[in-house]
Amino acid sequence: MNELSNILSRAEAGNALTDEELGLLLELTDEGERELLFQAARRLREKNFGQKVFLYGFVYFSTYCRNKCRFCYYRCANGQSPRYRKSLPEILEIGTALKESGIHLLDLTMGEDPLYLSNGDEGHERLIEIFREVKKATNLPLMASPGVVPDDVVLKLKEAGADWYALYQETHSRTLYDTLRTEQPYEDRWHAKCFARDNGMLIEEGLLTGIGDSTADRVYSLREMQKLGASQVRTMTFVPQAGTPLGSLIPQGSTREVNLIAVLRLLFPDALIPASLDVEGAGGLKARMQAGANVVTSIIPPQAGLAGVAQAEQDIADGGRTVAGVKPLLEEVGLEPASAGEYADWIARRKALMMERGSGSL
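A brief look at the structure comes next. Just so it is clear, the model here is predicted, and its values are computed rather than measured.

Empty space among the atoms becomes apparent when a probe as large as a water molecule is rolled across them. Evaluated as defined, the whole model comprises one cavity of 30 Å³ or more. In this structure, the largest cavity spans a volume of roughly 710 Å³. What lines the largest cavity is a set of 38 residues, and nearest its centre among them are Phe71, Tyr168, Glu170, Arg181 and Val309. Of all elements in the fold, only strand 1 (52–62), strand 2 (105–110), strand 5 (202–209) and strand 6 (232–237) reach the threshold of two or more residues within the lining of the largest cavity. Grouping the constituent residues of the lining of the largest cavity by class yields 20 nonpolar, 10 polar and eight charged.

Laid out in structure tokens, this is it:
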């Protein structure tokens, strides 16, 4: 316990931790020791953000994908996953409703849909038009989550109104990556987000756990995420998906994910760290917020015909993944939604900091 307290005190003071110390924190199982970790993470969150939380609306506008990622429900070879493409009017209607509900950002997500990405300039323009029109209709900050796109499309998405580029490596172990994302080189994903970062976009990086990753793999990913200079860092627990090569894996539970959230807060005290509703739904939100998260992601309106990623239907139809459904849960742990202005101010400050320090040194 003395060793743990010393590690946490040094982390709170801004001192670097060794790989061995990070591994110790990630592997904590004793509930009393885990609570000490979470308390430290909450203190750092409060120091940097007070009790305010940001809320993200999630619009998965196309579930078609050209890729064969072995863990993903929407891999092109899976005949069991629901396929749809939302029209531009449908996307605008959903985005407007989410804005009116009180979200701070719209995350426009799709699989790597060939309609948009394998159809030359015509497909790219369709994608860019979605961002341009949603920005015009809502004037909200936008997150672009279209998968790997060419450099010129990254620039056009930024020009159309995207503040963020989200592209998760899932793991930074090359060996593990190659078993998960077949036919998409590691370097292609890494280059796309580095290019976006170097051209003034905020970056969200993501880590998947429970997918065969070791403690050493997770520590290495944390170090790579630091090098990237991401402004939002997240982790999610792998949920085995029907019809996929990894569908028979045994679920690992959320302990590792929650520990990772807290360690992310120690390493990235002033970054945004999401608690996703897409793994355990509303029932898993409080544990993730108590571990130091300060963003609620995957808010999805009911009756909109949208799917989640890890959980295609979890808590959507009954309104559990709405702003109204989330607010009481936040209140139970002493948190409250920020204002739209506070989120806009955070983005402006972060972009200014990137320019001041250099994109890779946040």
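Structurally, the position occupied by tyrosine 56 is in strand 1. With a relative accessible area of 1%, tyrosine 56 lands in the buried category. Residues tyrosine 56 and isoleucine 299, spaced 243 residues apart in sequence, show a C-alpha to C-alpha distance of 6.0 Å. Leaving out residues up to four positions away in the same chain, tyrosine 56 has contacts with Ile103, Leu105, Met143, Trp164, Gln232, Leu272, Val295, Val296, Thr297, Ser298, Ile299 and Tyr343. For tyrosine 56, the side chain forms a polar contact with the side chain of tyrosine 343, separated by 2.8 Å.

On to unusual backbone geometry. The backbone of glutamine 303 shows a phi angle near 60°, a positive value even though the residue is not glycine. Tracing the backbone shows glutamine 303 in the loop between strand 8 (295–299) and helix 13 (323–332). One non-glycine residue, aspartate 315, adopts positive backbone phi at about 60°. Among the secondary structure elements, aspartate 315 is positioned in the loop between strand 8 and helix 13.

What follows covers the pattern of salt bridges. Applying the stated criterion to the full structure yields 29 salt bridges. Ionic pairing is found between glutamate 35 and arginine 42, a salt bridge with its closest N-O pair at 2.7 Å. Across the salt bridge formed by lysine 135 and aspartate 163, the nearest N and O atoms sit 3.8 Å from each other. Of the two residues, lysine 135 is situated in helix 6 (residues 120–138) and aspartate 163 in strand 4 (residues 162–166); the sequence distance between them amounts to 28 residues. With relative accessibility at 11%, the residue aspartate 163 sits in the buried group. Members of the salt-bridge network, linked through shared partners, are Glu27, Asp213 and Arg218.

Ranked by internal contacts, the top residues of the largest apolar core, which has 110 residues, are Leu25, Tyr165, Met289 and Val296. With eight residues, helix 11 (residues 255–267) is the largest single contributor of residues to this core. Ranked by size, the runner-up nonpolar core spans 16 residues in total, among them Trp164, Val295, Ala338 and Trp346.

Strand 2 sits mainly inside the fold: six of its six residues count as buried. Of the strand pairs in this sheet, strand 1 and strand 2 are connected by six bridges, and their pairing is parallel. Counted as the bridge partner of serine 62 is methionine 110 from strand 2. Crossover strand 1 to strand 2 through helix 4 (residues 88–101) is right-handed. Taken together, the four bridges between strand 2 and strand 3 (residues 142–145) define a ladder with parallel strand orientation. Residue pairing for strand 3: threonine 109 is matched across the bridge by serine 145.

The next subject is the packing of aromatic side chains. Overall, the coordinates contain nine aromatic pairs when judged by the stated rule. When the centroid spacing of 5.9 Å and the interplanar angle of 65° are considered together, the rings of phenylalanine 58 and tyrosine 60 count as edge-to-face. Look at phenylalanine 58 and you get buried, because its relative accessible area is 6%. Where tyrosine 186 meets tryptophan 190, the ring centres are 6.4 Å apart and the plane angle is 20°; that geometry is what we call stacked. One end of the pair, tyrosine 186, and the other, tryptophan 190, are both in helix 9 (residues 186–198), four residues apart, so they sit about a helical turn from each other. Of the residues examined, tyrosine 186 reaches a relative accessible area of 5% and is grouped as buried. Directly above the ring of tyrosine 84 sits lysine 86, whose terminal nitrogen or CZ lies 5.1 Å from the centroid. Positioned above the aromatic ring of tyrosine 186, the side-chain terminus of arginine 174 is 3.8 Å from the ring centre.

End to end, helix 14 (residues 340–357) covers 26 Å across 18 residues, agreeing with the expected 26 Å (1.5 Å per residue, within 8%). Every buried residue belonging to helix 14 is among Tyr343, Trp346, Ile347, Arg350, Leu353 and Met354, and all of these are buried. The arc that holds the buried residues of helix 14, viewed along the axis, is 130°, so those residues lie on one side. For helix 14, exposure combined with an orientation more than 90 degrees from the buried face picks out Arg349, Met355 and Glu356. Buried residues in helix 14 make contact with helix 3 (31–49), strand 1, strand 2, strand 4, helix 9 and strand 5. Just beyond helix 14, the residue with positive phi is glycine 358, at close to 100°.

Thresholds, definitions, all that
Residues numbered from 1 in each chain as written. Predicted model: local features only at pLDDT ≥ 70, side-chain atom pairs only at ≥ 80, totals over all residues. Heavy atoms only, no water. 1 Å grid on protein atoms, 1.4 Å probe; cavity = no way out; pocket = protein on both sides within 12 Å on 5 of 7 lines; lining within 4 Å. Points joined across faces, edges and corners; volume = space filled by probe spheres on them. Helix = DSSP H or I, 4+ residues; strand = E, 2+ residues; numbered from the N terminus. Nonpolar A, V, L, I, M, F, W, Y, C, P; charged D, E, K, R; others polar. Buried < 20%, exposed > 50% of the residue type's maximum accessible area, 1.4 Å probe, protein only. Contact = heavy atoms within 4.5 Å. Polar contact = N/O pair within 3.5 Å; in protein donor to acceptor, adjacent residues only side chain to side chain. Salt bridge = Lys/Arg side-chain N within 4 Å of Asp/Glu carboxyl O. Core = buried A, V, L, I, M, F, W, Y, C linked by side-chain atoms within 4.5 Å. Pairing = 2+ DSSP bridges. Right-handed = clockwise from strand over helix to strand, strands pointing away. Phe/Tyr/Trp six-rings, centres within 6.5 Å; stacked < 30°, edge-to-face > 60°. Lys NZ or Arg CZ within 6 Å of the ring centre and 35° of its normal. Expected span 1.5 Å × (residues − 1). Arc of directions from axis to C-beta.

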